[in-house]
Every structure is written in structure tokens, then in C-alpha cells.
Amino acid sequence: MKLNMDLAREFENILRDFGHDVLVLRTDRKLFCSCYNEVTQEASRECPICLGLGWTFTAERHTTRSQEAIGSTQLARVLNDTGIGSVAVSDRKYFFLPNMKAVEKDLIVEVEWDDFGRPTYTDGGIWAITN
């Protein structure tokens, strides 16, 4: 039992020393945003409430470590085997503390943080949680 406590504490130390903060968008899939058009089944990309997702969401700041899920040598092999016009996309693995209860289709947004703790998106990447 003591070993588990030491591993948990060590992981917290790793995140504190080497982690970075991301924005996690937790979507509420029960409530459509007011901009959602049921006929076209699309949300407005200009909507300041849902950011074009079509669902209401809660934004949370979490500290994480991440790494590519596919190595660069594997990705080069995938690109060689990918036909013209096809797209090969790598994935990322994120490591969070246990209190981050993500569910499938929530989003992880790589952002920069200003001096007031406000997030600014600078093309860092937006990742959908798949498992």
C-alpha cells in the first residue's frame, strides 16, 4: 500500500516539475446550444457560447504530460503506405491526475496562458478524447 502512495506522489511531483497546463472542454451532450440547427444538424462556427461544437461545455484547466502516440519512424512508414489524397494523422497520449474525469468526445486544447490565467489558442492543437 505504501508503494502506491509513493507512486502517486511521484507522479504529482513529475507533473508539478515537468507538466504543462491545457484546457479541457467537457461537453454536455444532453443540451444543444441555441445556435444548433436541427435541419442541417450543424452549429454556427461563429457562436461564442459553444465555439461551433453545438453543445454546451465547461472549460477546465488541468496539468498534464503528453507524448506522441505514434513514433516518428512509425509515422514515416505510415506516410509511405498512405495513398495520394489520404491523410495520416498522429495521436497524442495525455497523462493526468486521477481527479480529471474525462469522457469520450471531450476535447483537450493546447493553449498559452496569459499573466491573468486566461487561455489563448495559438494553433497548439485540439484533441478529441477517444478512450
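Just so we're clear, the structure is a prediction, and the values are computed from it rather than from any experiment. (Residues numbered from 1 in each chain as written. Predicted model: local features only at pLDDT ≥ 70, side-chain atom pairs only at ≥ 80, totals over all residues. Heavy atoms only, no water.)

1. Digging into the pairing of strand 2 (residues 55-68)
Each regular strand displays side chains that alternate between the two surfaces of the sheet. In this sheet, strand 2 lies alongside strand 1 (residues 20-32) in antiparallel orientation, the contact comprising 10 bridges. Residue pairing in the sheet places Asp21 in a bridge with Thr63 of strand 2. Relative to strand 3 (residues 92-95), strand 2 runs antiparallel, the two being bridged by 4 bridges. When the sheet's bridge partners are listed, Ser66 is paired in strand 3 with Tyr94. (Pairing = 2+ DSSP bridges. Helix = DSSP H or I, 4+ residues; strand = E, 2+ residues; numbered from the N terminus.)

2. Observations concerning the pairing of strand 5 (residues 119-128)
Judged from the 6 bridges that link them, strand 4 (residues 107-113) and strand 5 form a sheet pairing that is antiparallel. Following the sheet pairing, Val109 is matched in strand 5 by Ile126. Hairpin connection of strand 4 to strand 5: 5 residues between the antiparallel strands, including Gly117 at a positive phi of 80°.

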